[in-house]
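An overview of the molecular structure
One letter stands for each residue in the lines below.
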Amino acid sequence: MGRFWSILFLLVPVLGVLTFVLAINEVGPFYRHWLPVNINDHGGIIDSLFMFILYLTGVIFVATGLVLFWFLWKYDVAKNRAPVKFSHGSHTLEVIWSILPAATLLFIAIYQMNAWADAKLRRPLLSTGPDKTAGTRDDVVQPPLVEVTARQFEWRIRYAGSDGQIGTPDDVYTVNDLHIPVDEEVVLQLKSMDVLHSFFLPHMRVKQDAVPGMKQFLWFRANRTGTYDLVCAELCGWGHYKMRGRLYVESRQQFDKWLKEKFQEQEQTELKGPPAESAE
Ligand SMILES: [Cu+2]
């Protein structure tokens, strides 16, 4: 009977590895089961970090699974009639199994610093200072093209309009529809009107908490046109599931055309004024 349990435990690493291999290669029912396609030029570093940690933890998972199997197999009670010898701890072993995970975690913490800085600290710069040269001290940070305000339960989106500035009369407003131009560095400003939300663009490998009272900046460079998901990744209330938006990546011409049309549409509704109230 003991042998049965050891085989059962051996199935854990075997099936675990099999699932990952099938998912990564998108075989059969695992088609599109793995990460969605990455459309962000800055997304590759996140993917390689993810895969690195997956392989590292995968090796440890398989190794512990095999050791567990081997001990169950070798020390099966039916085959070992000798009395059990109890051990009362080993200081050396405890030091080893404390230091190894600590060193591994420290290594990952240092190894990922560049990815973190790329995603959260190094906001794109414009070389529009007096010397017109990129990489010099007079470079200015790129202003946001769009501002996203999360609220229960939608994404309110505001575009800078033709003057390139947010907060001016030519701003364009949408709800849940995020349009951006392809092959361009885009800076996005994120706020929350009420509670914690999480702005998540899975195809861009971008996820950022929207914190009330704070203004965050995100940036990405989409390299493929199309329609993608925008979702809230933080349980923010009963209507959390409704915070599903759409990300439209378009060519510069299409984007400008859309923005212009949207602005004209907006002007017309403003001219008409709010809908008239009923007589009573
Ligand atoms: Cu939310």
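Residues numbered from 1 in each chain as written. Predicted model: local features only at pLDDT ≥ 70, side-chain atom pairs only at ≥ 80, totals over all residues. Heavy atoms only, no water.

So, on to the pairing of strand β11 (residues 226-232). Here strand β8 (residues 197-201) runs beside β11; their pairing, made up of two bridges, is antiparallel. What sits directly across from Phe199, in β11, is Cys232. Where β11 and strand β12 (residues 244-250) come together, six bridges link them in antiparallel fashion. For Asp229, the partnering residue across the bridge sits in β12 and is Arg246. (Pairing = 2+ DSSP bridges. Helix = DSSP H or I, 4+ residues; strand = E, 2+ residues; numbered from the N terminus.)

The coordination sphere of the copper ion contains the protein donors His197 (ND1), Cys232 (SG), Cys236 (SG) and Met243 (SD), at a distance range of 2.1 to 2.4 Å. The motif formed by the donor residues of the copper ion, counted along the single chain, is H-x34-C-x3-C-x6-M. Taken as a pair, Cys236 and Met243 share a single burial class, namely buried. (Donors = N, O, S within 2.8 Å, 3.2 Å for Na, K, Ca; no water. Buried < 20%, exposed > 50% of the residue type's maximum accessible area, 1.4 Å probe, protein only.)

So, on to the nonpolar core. Counting residues in each nonpolar core, the largest one holds 33 residues, and the members touching the most others are Leu178 and Phe199. Excluding its chain neighbours within four sequence positions, the residues that come into contact with Leu178 are Val146, Ile157, Tyr159, Leu188, Phe199, Leu230, Arg246, Leu247 and Tyr248. (Core = buried A, V, L, I, M, F, W, Y, C linked by side-chain atoms within 4.5 Å. Contact = heavy atoms within 4.5 Å.)

Strand order across the open sheet formed by five strands is β5-β4-β3-β7-β10, with mixed pairing between neighbours. The open sheet has two edge strands with one neighbour each: β5 (172-175) and β10 (216-221). Here the average twist between neighbouring strands, direction ignored, is 25°. Bridging between strand β4 (residues 154-159) and β5 involves four bridges; their strand directions are antiparallel. The residue of β5 that forms the bridge with Arg158 is Tyr173. (Axes fitted to C-alpha atoms, helices over the stretch in contact; angles between N-to-C directions.)

For the coordinates displayed, the defined rule picks out 14 salt bridges. In this structure, Arg151 engages Glu154 in a salt bridge whose closest nitrogen and oxygen atoms are separated by 2.9 Å. Judged by relative accessible area, which is 18%, Glu154 ranks as buried. Linking Asp171 and Arg158 is a salt bridge whose minimum nitrogen-to-oxygen distance equals 3.7 Å. Linking Asp171 in the loop between β4 and β5 with Arg158 in strand β4, this pair joins segments that are 13 residues apart in sequence. (Salt bridge = Lys/Arg side-chain N within 4 Å of Asp/Glu carboxyl O.)

To continue, consider the side chain of Arg123. Among the secondary structure elements, Arg123 is positioned in the loop between α4 (113-121) and β1 (125-126). No salt bridge is formed by the buried Arg123; the nearest opposite charge belongs to Glu185, separated by 10 Å. Separated by 2.7 Å, the side chain of Arg123 and the backbone oxygen of Gln142 make a polar contact. When sequence neighbours within four positions are dropped, the list of residues in contact with Arg123 reads Val141, Gln142, Pro143, Pro144, Val187, Phe217 and Trp219. (Lys, Arg positive; Asp, Glu negative; His and termini not counted. Polar contact = N/O pair within 3.5 Å; in protein donor to acceptor, adjacent residues only side chain to side chain.)

Below, the discussion takes up the sheet that holds strand β6 (residues 177-181). Two orientations exist for strands paired in a sheet by backbone hydrogen bonds: parallel and antiparallel. Taking strand neighbours across the sheet as the criterion, the five strands line up as β6-β12-β11-β8-β9 in an open arrangement whose pairing is mixed. Across the chains shown, the open sheet's two edge strands, defined by having one partner strand only, are β6 and β9 (206-210). Pairwise comparison of adjacent strand axes, ignoring direction, gives a mean angle of 20° for this sheet. Note that β6 and β12 share five bridges and pair parallel. Opposite Ile180, over in β12, you have Val249 as the bridge partner.

The first and last C-alpha atoms of helix α2 (residues 44-74) sit 44 Å apart over 31 residues, in line with the 45 Å expected at 1.5 Å per residue. Listing the buried residues of α2 in full gives Asp47, Leu49, Met51, Leu54, Gly65 and Phe69. (Expected span 1.5 Å × (residues − 1).)

This part is about a nonpolar patch on the surface. Taken together, the side chains of Phe4, Trp5, Leu8, Phe9, Leu11, Val14, Leu15, Leu18 and Leu68 present a nonpolar region at the surface, about 800 Å² in accessible area. Broken down by element, the residue count for the nonpolar patch peaks at eight residues, all from helix α1 (residues 2-24). Along the polypeptide, Leu68 turns up in helix α2. Classification of Leu68 by relative accessible area gives partly exposed; the value is 41%. (Patch = residues over 30% accessible without salt bridge, like charges linked within 9 Å, V, L, I, M, F, W, Y side chains within 5 Å. Areas by Shrake-Rupley, 256 points an atom, 1.4 Å probe, with all protein chains shown as cover.)

In terms of domains, the chain is made up of domain 1 (2-78 + 92-119) and domain 2 (142-272). Computed from C-alpha atoms alone, the centre-to-centre distance between domain 1 and domain 2 is 36 Å. Between domain 1 and domain 2, the residue contacts involve 13 residues of the former and 15 residues of the latter. Buried area between domain 1 and domain 2, summed over both chains or domains, comes out near 1,200 Å², and the portion from carbon and sulfur atoms is 49%. A per-residue breakdown of the area domain 1 buries against domain 2 is headed by Ile39, Asn40 and Asp41, which together make up 47% of the total. Run the count over domain 1 and domain 2 and you get two salt bridges. Asp47 is paired through a salt bridge with Arg205; the nearest N and O atoms lie 2.5 Å apart. Those elements that provide at least two residues to the side of domain 1 that touches domain 2 are α2 and α4. (Domains from an automatic or database assignment. Buried area = accessible area lost by both parts, 1.4 Å probe.)

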